[in-house]
Amino acid sequence: MVSSSLRIHELCKRYGDFVALAPTSLDVAKGEFLTLLGPSGSGKTTMLSLIAGLAHPDEGRILIDDTDVTHSPAYARDIGVVFQNYALFPHMTIEDNIAFPLKMRKVADAEARRRTAEALETVHLPHVAKRYPRELSGGQQQRIALARCIVYRPAIILMDEPLGALDKKLRDQMQLEIKRIHRELGTTIVYVTHDQEEAMTMSDRICLMNAGAIEQLGTPQDLYFRPRSVFVADFLGESNLLSAIVRRVDGEGLDIVLTEQAAASRAVGNGSRFAAGEPIKVMVRPQNLVVAEAGGGQLSGRITDVMISGSLTRLYIAPETVGLPQLVAAHPTRSGSAPYEIGQRLSLGWHAADAVAIHDGGI
Ligand SMILES: Nc1ncnc2c1ncn2[C@@H]1O[C@H](COP(=O)(O)OP(=O)(O)O)[C@@H](O)[C@H]1O
Ligand SMILES: [Mg+2]
(Lines give C-alpha, C1' and ligand atoms only; values in the text may rest on other atoms or scores of the structure.)
(Ligands and ions follow the chains in the order given, each with its own letter.)
Protein backbone atom coordinates (compact mmCIF):
# COMPACT_ATOMS: atom_id res chain seq x y z
CA MET A 1 0.00 0.00 0.00
CA VAL A 2 1.48 3.33 -1.07
CA SER A 3 0.10 6.65 -0.03
CA SER A 4 1.43 10.05 0.94
CA SER A 5 0.19 13.07 2.80
CA LEU A 6 -0.16 16.34 0.97
CA ARG A 7 0.30 19.80 2.43
CA ILE A 8 -0.56 22.98 0.60
CA HIS A 9 0.57 26.21 2.19
CA GLU A 10 -0.63 29.65 1.05
CA LEU A 11 -0.70 28.49 -2.55
CA CYS A 12 -1.66 31.22 -5.00
CA LYS A 13 -2.12 31.44 -8.78
CA ARG A 14 -2.84 34.53 -10.86
CA TYR A 15 -3.36 35.00 -14.57
CA GLY A 16 -2.42 38.64 -15.12
CA ASP A 17 -4.64 40.60 -12.70
CA PHE A 18 -7.07 37.71 -12.30
CA VAL A 19 -6.72 35.63 -9.14
CA ALA A 20 -7.57 32.04 -10.11
CA LEU A 21 -6.53 30.76 -6.64
CA ALA A 22 -6.23 33.14 -3.67
CA PRO A 23 -3.59 32.11 -1.09
CA THR A 24 -4.94 28.78 0.08
CA SER A 25 -3.80 26.26 2.67
CA LEU A 26 -4.99 22.68 2.86
CA ASP A 27 -3.78 19.43 4.42
CA VAL A 28 -4.73 16.07 2.97
CA ALA A 29 -4.02 13.04 5.16
CA LYS A 30 -2.33 9.85 3.96
CA GLY A 31 -5.01 7.64 2.42
CA GLU A 32 -7.71 10.30 2.57
CA PHE A 33 -10.31 10.80 -0.16
CA LEU A 34 -10.67 14.57 -0.44
CA THR A 35 -12.95 16.23 -2.96
CA LEU A 36 -12.61 19.72 -4.35
CA LEU A 37 -16.19 20.74 -5.02
CA GLY A 38 -17.38 24.00 -6.48
CA PRO A 39 -19.06 25.74 -9.39
CA SER A 40 -17.37 26.10 -12.73
CA GLY A 41 -14.52 28.62 -12.57
CA SER A 42 -14.03 28.34 -8.79
CA GLY A 43 -10.39 27.23 -9.11
CA LYS A 44 -10.64 23.43 -8.77
CA THR A 45 -8.62 22.55 -11.87
CA THR A 46 -6.14 25.31 -11.05
CA MET A 47 -5.52 23.77 -7.62
CA LEU A 48 -5.17 20.29 -9.10
CA SER A 49 -2.76 21.46 -11.84
CA LEU A 50 -0.58 23.14 -9.23
CA ILE A 51 -0.47 19.95 -7.13
CA ALA A 52 0.33 17.86 -10.22
CA GLY A 53 3.08 20.24 -11.32
CA LEU A 54 1.31 21.03 -14.60
CA ALA A 55 1.12 24.71 -13.60
CA HIS A 56 3.37 26.78 -11.38
CA PRO A 57 2.19 28.81 -8.40
CA ASP A 58 2.96 32.52 -7.96
CA GLU A 59 3.32 31.98 -4.24
CA GLY A 60 3.13 29.25 -1.66
CA ARG A 61 4.43 25.76 -1.15
CA ILE A 62 3.42 22.17 -1.82
CA LEU A 63 4.73 19.38 0.40
CA ILE A 64 4.37 15.65 -0.17
CA ASP A 65 5.21 13.67 2.98
CA ASP A 66 6.95 16.83 4.24
CA THR A 67 9.20 17.07 1.16
CA ASP A 68 8.90 20.40 -0.61
CA VAL A 69 7.98 19.66 -4.24
CA THR A 70 6.88 23.19 -5.17
CA HIS A 71 9.58 23.41 -7.80
CA SER A 72 9.85 19.73 -8.72
CA PRO A 73 8.83 18.74 -12.25
CA ALA A 74 5.56 16.83 -12.63
CA TYR A 75 7.21 13.45 -13.34
CA ALA A 76 9.24 13.61 -10.11
CA ARG A 77 6.18 14.02 -7.84
CA ASP A 78 4.90 10.43 -7.68
CA ILE A 79 1.42 11.66 -8.55
CA GLY A 80 -1.07 10.04 -10.93
CA VAL A 81 -3.63 12.09 -12.81
CA VAL A 82 -6.95 11.01 -14.37
CA PHE A 83 -8.86 13.50 -16.50
CA GLN A 84 -12.38 13.58 -17.87
CA ASN A 85 -11.22 12.81 -21.41
CA TYR A 86 -9.57 9.46 -21.00
CA ALA A 87 -6.67 10.38 -23.30
CA LEU A 88 -5.95 6.76 -24.21
CA PHE A 89 -3.65 6.20 -27.20
CA PRO A 90 -6.03 5.12 -29.99
CA HIS A 91 -3.45 3.09 -31.93
CA MET A 92 -2.33 1.03 -28.92
CA THR A 93 -4.06 -2.00 -27.43
CA ILE A 94 -5.52 -1.65 -23.94
CA GLU A 95 -2.63 -3.57 -22.38
CA ASP A 96 -0.07 -1.42 -24.18
CA ASN A 97 -1.91 1.69 -23.02
CA ILE A 98 -1.76 0.52 -19.42
CA ALA A 99 1.86 -0.63 -19.69
CA PHE A 100 2.92 2.71 -21.18
CA PRO A 101 3.73 4.50 -17.90
CA LEU A 102 5.74 1.44 -16.82
CA LYS A 103 7.76 1.53 -20.06
CA MET A 104 8.45 5.22 -19.43
CA ARG A 105 9.75 4.23 -16.00
CA LYS A 106 11.90 1.45 -17.50
CA VAL A 107 10.13 -1.36 -15.66
CA ALA A 108 11.26 -4.77 -17.02
CA ASP A 109 8.88 -6.46 -19.51
CA ALA A 110 7.85 -9.44 -17.35
CA GLU A 111 7.15 -7.22 -14.38
CA ALA A 112 5.24 -4.76 -16.60
CA ARG A 113 3.07 -7.60 -17.93
CA ARG A 114 2.33 -8.85 -14.44
CA ARG A 115 1.39 -5.39 -13.16
CA THR A 116 -0.72 -4.61 -16.23
CA ALA A 117 -2.72 -7.80 -15.72
CA GLU A 118 -3.13 -6.91 -12.06
CA ALA A 119 -4.36 -3.38 -12.90
CA LEU A 120 -6.86 -4.86 -15.37
CA GLU A 121 -8.11 -7.17 -12.61
CA THR A 122 -8.47 -4.24 -10.23
CA VAL A 123 -10.77 -2.40 -12.66
CA HIS A 124 -12.62 -5.66 -13.43
CA LEU A 125 -11.74 -5.71 -17.15
CA PRO A 126 -9.17 -8.50 -17.66
CA HIS A 127 -10.88 -9.66 -20.89
CA VAL A 128 -10.29 -6.44 -22.87
CA ALA A 129 -6.46 -6.55 -22.81
CA LYS A 130 -6.07 -7.16 -26.55
CA ARG A 131 -8.72 -4.68 -27.68
CA TYR A 132 -8.31 -1.10 -28.88
CA PRO A 133 -9.83 1.91 -27.07
CA ARG A 134 -12.49 2.46 -29.77
CA GLU A 135 -13.80 -1.04 -29.04
CA LEU A 136 -14.70 -0.09 -25.46
CA SER A 137 -17.63 1.88 -24.05
CA GLY A 138 -17.06 5.24 -22.37
CA GLY A 139 -17.27 3.69 -18.92
CA GLN A 140 -14.79 0.98 -19.84
CA GLN A 141 -12.37 3.54 -21.30
CA GLN A 142 -12.57 5.54 -18.09
CA ARG A 143 -11.70 2.39 -16.11
CA ILE A 144 -8.72 1.80 -18.39
CA ALA A 145 -7.58 5.39 -17.80
CA LEU A 146 -7.80 4.59 -14.09
CA ALA A 147 -5.87 1.34 -14.57
CA ARG A 148 -3.15 3.23 -16.46
CA CYS A 149 -2.89 5.56 -13.47
CA ILE A 150 -2.81 2.94 -10.68
CA VAL A 151 -0.43 0.61 -12.55
CA TYR A 152 2.63 2.57 -11.48
CA ARG A 153 1.33 2.90 -7.93
CA PRO A 154 1.50 6.63 -7.41
CA ALA A 155 1.29 7.72 -3.79
CA ILE A 156 -1.31 10.36 -4.64
CA ILE A 157 -3.98 10.22 -7.35
CA LEU A 158 -5.63 13.37 -8.71
CA MET A 159 -8.88 13.08 -10.64
CA ASP A 160 -10.45 15.99 -12.49
CA GLU A 161 -14.17 15.36 -13.15
CA PRO A 162 -13.33 11.82 -14.32
CA LEU A 163 -16.99 10.80 -14.64
CA GLY A 164 -18.24 14.01 -16.24
CA ALA A 165 -18.68 12.44 -19.68
CA LEU A 166 -20.65 9.40 -18.49
CA ASP A 167 -24.41 9.03 -18.18
CA LYS A 168 -25.99 8.97 -14.73
CA LYS A 169 -26.29 5.22 -14.23
CA LEU A 170 -22.72 4.55 -15.32
CA ARG A 171 -21.54 7.44 -13.19
CA ASP A 172 -23.19 5.96 -10.08
CA GLN A 173 -21.58 2.61 -10.84
CA MET A 174 -18.14 4.16 -11.42
CA GLN A 175 -18.41 6.12 -8.16
CA LEU A 176 -18.69 2.81 -6.32
CA GLU A 177 -15.81 1.36 -8.38
CA ILE A 178 -13.53 4.26 -7.54
CA LYS A 179 -14.44 3.99 -3.86
CA ARG A 180 -13.70 0.26 -3.92
CA ILE A 181 -10.34 0.84 -5.59
CA HIS A 182 -9.57 3.55 -3.05
CA ARG A 183 -10.32 1.10 -0.22
CA GLU A 184 -8.21 -1.62 -1.81
CA LEU A 185 -5.19 0.52 -2.63
CA GLY A 186 -5.34 3.00 0.25
CA THR A 187 -3.94 5.70 -2.03
CA THR A 188 -4.49 9.36 -1.18
CA ILE A 189 -7.02 10.77 -3.65
CA VAL A 190 -7.82 14.38 -4.48
CA TYR A 191 -10.96 14.31 -6.59
CA VAL A 192 -12.59 17.20 -8.45
CA THR A 193 -16.28 17.49 -9.21
CA HIS A 194 -18.96 20.17 -9.51
CA ASP A 195 -21.62 17.58 -8.57
CA GLN A 196 -22.57 17.84 -4.90
CA GLU A 197 -24.15 14.39 -4.75
CA GLU A 198 -21.00 12.82 -6.15
CA ALA A 199 -18.90 14.70 -3.58
CA MET A 200 -21.23 13.66 -0.74
CA THR A 201 -21.18 9.98 -1.77
CA MET A 202 -17.46 9.59 -2.26
CA SER A 203 -15.52 11.84 0.07
CA ASP A 204 -13.95 11.57 3.49
CA ARG A 205 -13.87 15.37 3.39
CA ILE A 206 -15.11 17.99 0.98
CA CYS A 207 -13.29 21.23 0.24
CA LEU A 208 -15.94 23.57 -1.17
CA MET A 209 -14.40 26.23 -3.41
CA ASN A 210 -15.92 29.56 -4.35
CA ALA A 211 -14.24 32.20 -6.55
CA GLY A 212 -10.70 30.89 -6.05
CA ALA A 213 -10.91 30.36 -2.29
CA ILE A 214 -12.02 27.69 0.19
CA GLU A 215 -15.56 28.41 1.34
CA GLN A 216 -15.72 25.50 3.80
CA LEU A 217 -13.71 22.35 4.47
CA GLY A 218 -15.15 19.40 6.36
CA THR A 219 -16.91 16.04 6.24
CA PRO A 220 -19.94 15.74 3.95
CA GLN A 221 -22.12 15.80 7.08
CA ASP A 222 -20.42 18.99 8.33
CA LEU A 223 -21.10 20.83 5.11
CA TYR A 224 -24.61 19.49 4.66
CA PHE A 225 -25.88 19.92 8.20
CA ARG A 226 -23.63 22.72 9.48
CA PRO A 227 -22.99 25.04 6.53
CA ARG A 228 -20.99 28.14 7.45
CA SER A 229 -22.57 30.28 4.75
CA VAL A 230 -25.65 30.54 2.61
CA PHE A 231 -23.42 29.64 -0.36
CA VAL A 232 -22.58 26.28 1.26
CA ALA A 233 -26.20 25.62 2.27
CA ASP A 234 -27.34 26.30 -1.30
CA PHE A 235 -24.57 24.38 -3.02
CA LEU A 236 -25.02 21.21 -0.97
CA GLY A 237 -28.59 20.57 -2.10
CA GLU A 238 -32.03 21.96 -1.39
CA SER A 239 -32.66 24.03 1.69
CA ASN A 240 -35.26 26.30 3.24
CA LEU A 241 -33.79 29.59 4.41
CA LEU A 242 -35.68 31.88 6.78
CA SER A 243 -34.65 35.27 8.13
CA ALA A 244 -34.24 35.62 11.87
CA ILE A 245 -32.58 37.69 14.58
CA VAL A 246 -30.49 36.17 17.37
CA ARG A 247 -31.87 37.02 20.83
CA ARG A 248 -29.61 34.99 23.08
CA VAL A 249 -26.71 32.58 22.67
CA ASP A 250 -26.16 29.70 25.08
CA GLY A 251 -23.37 27.47 23.82
CA GLU A 252 -24.49 25.85 20.55
CA GLY A 253 -28.14 26.75 21.18
CA LEU A 254 -29.70 30.04 20.09
CA ASP A 255 -32.91 31.82 20.99
CA ILE A 256 -34.10 33.48 17.82
CA VAL A 257 -37.02 35.47 16.50
CA LEU A 258 -38.23 34.80 12.95
CA THR A 259 -38.07 38.25 11.41
CA GLU A 260 -41.30 38.41 9.47
CA GLN A 261 -43.53 36.60 11.93
CA ALA A 262 -41.98 37.98 15.13
CA ALA A 263 -42.22 34.35 16.29
CA ALA A 264 -39.85 33.16 18.99
CA SER A 265 -38.01 29.97 18.12
CA ARG A 266 -34.84 27.98 18.73
CA ALA A 267 -31.94 27.09 16.47
CA VAL A 268 -28.51 25.50 16.70
CA GLY A 269 -25.22 27.11 15.71
CA ASN A 270 -23.07 25.99 12.77
CA GLY A 271 -19.76 25.92 14.62
CA SER A 272 -19.06 29.64 14.29
CA ARG A 273 -19.82 32.48 16.72
CA PHE A 274 -23.10 34.33 16.83
CA ALA A 275 -23.93 37.53 18.67
CA ALA A 276 -27.19 38.70 20.22
CA GLY A 277 -28.93 41.10 17.84
CA GLU A 278 -27.32 39.59 14.77
CA PRO A 279 -29.52 39.06 11.70
CA ILE A 280 -29.13 35.48 10.49
CA LYS A 281 -30.58 32.92 8.13
CA VAL A 282 -32.03 29.74 9.56
CA MET A 283 -31.67 26.66 7.38
CA VAL A 284 -34.09 23.74 7.54
CA ARG A 285 -33.37 20.87 5.12
CA PRO A 286 -36.46 19.66 3.20
CA GLN A 287 -36.47 16.30 5.00
CA ASN A 288 -36.58 18.14 8.33
CA LEU A 289 -39.55 20.33 7.50
CA VAL A 290 -42.40 18.75 9.42
CA VAL A 291 -45.80 19.13 7.79
CA ALA A 292 -49.13 18.28 9.35
CA GLU A 293 -52.60 18.34 7.91
CA ALA A 294 -54.85 21.34 8.44
CA GLY A 295 -53.08 24.55 9.27
CA GLY A 296 -53.42 25.73 12.79
CA GLY A 297 -49.82 26.01 13.91
CA GLN A 298 -47.76 29.16 13.95
CA LEU A 299 -46.81 28.75 10.28
CA SER A 300 -49.01 27.50 7.50
CA GLY A 301 -49.05 27.13 3.73
CA ARG A 302 -50.69 25.46 0.79
CA ILE A 303 -49.23 22.77 -1.46
CA THR A 304 -48.50 24.18 -4.93
CA ASP A 305 -46.76 21.12 -6.36
CA VAL A 306 -46.22 17.48 -5.50
CA MET A 307 -43.22 15.82 -7.17
CA ILE A 308 -42.53 12.15 -6.75
CA SER A 309 -39.00 11.28 -7.85
CA GLY A 310 -38.75 7.60 -7.04
CA SER A 311 -37.89 7.21 -3.40
CA LEU A 312 -38.59 10.84 -2.45
CA THR A 313 -41.79 12.87 -2.50
CA ARG A 314 -41.30 16.62 -2.58
CA LEU A 315 -43.97 19.09 -1.54
CA TYR A 316 -43.62 22.68 -2.70
CA ILE A 317 -45.47 24.91 -0.31
CA ALA A 318 -46.63 28.49 -0.78
CA PRO A 319 -46.80 30.16 2.61
CA GLU A 320 -49.92 31.69 4.01
CA THR A 321 -47.93 33.20 6.83
CA VAL A 322 -46.79 36.61 5.63
CA GLY A 323 -43.14 36.96 4.75
CA LEU A 324 -42.26 33.29 4.61
CA PRO A 325 -40.45 32.23 1.43
CA GLN A 326 -41.65 29.33 -0.73
CA LEU A 327 -40.76 26.13 1.15
CA VAL A 328 -39.97 22.59 0.17
CA ALA A 329 -40.53 19.46 2.22
CA ALA A 330 -39.21 16.02 1.24
CA HIS A 331 -40.31 12.70 2.65
CA PRO A 332 -39.90 9.05 1.64
CA THR A 333 -42.45 8.01 -0.96
CA ARG A 334 -44.87 5.44 0.38
CA SER A 335 -46.88 3.08 -1.76
CA GLY A 336 -50.64 3.31 -1.77
CA SER A 337 -52.84 6.35 -2.21
CA ALA A 338 -51.15 9.72 -2.49
CA PRO A 339 -52.05 11.56 0.70
CA TYR A 340 -51.17 15.02 -0.63
CA GLU A 341 -53.12 17.21 -2.99
CA ILE A 342 -52.38 20.50 -4.64
CA GLY A 343 -54.10 23.29 -2.75
CA GLN A 344 -54.13 21.31 0.50
CA ARG A 345 -53.49 23.40 3.59
CA LEU A 346 -50.69 22.35 5.95
CA SER A 347 -49.15 23.55 9.15
CA LEU A 348 -45.38 23.71 9.15
CA GLY A 349 -42.73 23.23 11.75
CA TRP A 350 -39.37 21.73 12.61
CA HIS A 351 -37.35 20.50 15.55
CA ALA A 352 -34.98 23.07 17.02
CA ALA A 353 -32.01 20.74 16.42
CA ASP A 354 -32.80 20.79 12.67
CA ALA A 355 -32.85 24.60 12.42
CA VAL A 356 -29.29 25.69 11.73
CA ALA A 357 -28.18 29.29 12.17
CA ILE A 358 -26.06 30.75 9.37
CA HIS A 359 -24.42 34.17 9.24
CA ASP A 360 -26.41 36.23 6.77
CA GLY A 361 -24.13 36.90 3.82
CA GLY A 362 -26.84 39.10 2.33
CA ILE A 363 -27.95 36.72 -0.41
N1 LIG B 1 -4.56 29.62 -18.50
C2 LIG B 1 -5.47 30.47 -18.03
N3 LIG B 1 -5.46 31.78 -18.37
C4 LIG B 1 -6.36 32.65 -17.87
N5 LIG B 1 -7.34 32.32 -17.00
C6 LIG B 1 -7.40 31.04 -16.61
C7 LIG B 1 -6.48 30.05 -17.09
N8 LIG B 1 -6.81 28.87 -16.52
C9 LIG B 1 -7.88 29.11 -15.73
N10 LIG B 1 -8.23 30.41 -15.79
C11 LIG B 1 -9.35 31.04 -15.05
O12 LIG B 1 -9.23 30.73 -13.69
C13 LIG B 1 -10.52 30.47 -13.12
C14 LIG B 1 -10.51 29.13 -12.44
O15 LIG B 1 -10.43 28.15 -13.45
P16 LIG B 1 -10.45 26.61 -13.12
O17 LIG B 1 -9.46 26.32 -12.05
O18 LIG B 1 -10.27 25.89 -14.41
O19 LIG B 1 -11.93 26.43 -12.57
P20 LIG B 1 -12.77 25.10 -12.29
O21 LIG B 1 -11.89 23.92 -12.56
O22 LIG B 1 -13.20 25.21 -10.86
O23 LIG B 1 -13.93 25.17 -13.22
C24 LIG B 1 -11.52 30.59 -14.25
O25 LIG B 1 -12.13 31.83 -14.18
C26 LIG B 1 -10.68 30.44 -15.48
O27 LIG B 1 -11.24 31.16 -16.56
MG1 LIG C 1 -12.15 22.35 -13.98
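First, a word on scope: everything that follows refers to the structure included in this document. (Residues numbered from 1 in each chain as written. Chains lettered and ligands numbered in written order. Predicted model: local features only at pLDDT ≥ 70, side-chain atom pairs only at ≥ 80, totals over all residues. Heavy atoms only, no water.)

## Examining the site of ligand 1
Stated precisely, the cut-off is as follows: Each residue is tested against the molecule or strand, and it is near if at least one of its non-hydrogen atoms lies within 4 Å. Polar contacts, as used here, are pairs of N or O atoms within 3.5 Å; protein pairs need one atom able to donate a hydrogen and one able to accept it. Residues neighboring in sequence count only if both atoms are side-chain atoms. Using a 1.4 Å probe, the Shrake-Rupley method yields the accessible areas, and only the shown protein chains count as cover for residues. Elements are defined by DSSP. Helices are runs of H or I of four residues or more, strands are runs of E of two residues or more, and each kind is numbered from the N terminus. Classification used: nonpolar for Ala, Val, Leu, Ile, Met, Phe, Trp, Tyr, Cys and Pro, charged for Asp, Glu, Lys and Arg, polar for all others including Gly.
The environment of ligand 1 is formed by Tyr 15, Phe 18, Ala 20, Pro 39, Ser 40, Gly 41, Ser 42, Gly 43, Lys 44, Thr 45 and Thr 46. At 2.7 Å, a backbone N or O of Gly 41 approaches an oxygen atom of ligand 1. Separating an oxygen atom of ligand 1 from a side-chain N or O atom of Lys 44 is a distance of 2.9 Å. In isolation ligand 1 exposes 560 Å². Once the protein is present, 59% of that is buried. At the level of secondary structure, the elements contributing two or more residues to the shell around ligand 1 comprise β2 (18-28) and α1 (44-52). Top contributing element to the shell around ligand 1 by residue count: α1, with 3 residues. Looking at side-chain class alone, the shell around ligand 1 contains 4 nonpolar, 6 polar and 1 charged residues.

## Regarding the pattern of salt bridges
Our working rule: Any carboxyl oxygen of Asp or Glu that lies within 4 Å of a side-chain nitrogen of Lys or Arg is treated as forming a salt bridge with it. The cut-offs for exposure are 20% and 50% of the maximum accessible area for each residue type, with area from a 1.4 Å probe on protein chains only; residues under the lower value are buried, those over the upper are exposed, and the others partly exposed.
The final tally for this structure, using the stated rule, is 22 salt bridges. The residue Arg 180 makes a salt bridge to Glu 184 at a minimum N-O spacing of 2.9 Å. Here Arg 180 pairs with Glu 184, and both are found in helix α5 (residues 168-185), just 4 residues apart, close to one helical turn. In this structure Arg 180 comes out as buried when scored by relative accessible area, which is 14%. Glu 238 is paired through a salt bridge with Arg 314; the nearest N and O atoms lie 2.7 Å apart. Placement of the pair is Glu 238 in the loop between α8 (230-235) and β11 (240-250) and Arg 314 in strand β17 (residues 312-319), with a sequence separation of 76 residues. The exposure class of Glu 238 is partly exposed, given its relative accessible area of 30%.

## A word on the side chain of Gln 261
Quick note on the threshold: Note on definitions: a residue-residue contact is assigned when non-hydrogen atoms from the two residues lie within 4.5 Å.
Mapped onto the elements of the fold, Gln 261 is located in the loop between β12 (253-258) and β13 (263-268). Apart from residues no more than four positions distant in its own chain, Gln 261 is found in contact with Leu 299, Thr 321, Val 322, Gly 323 and Leu 324.

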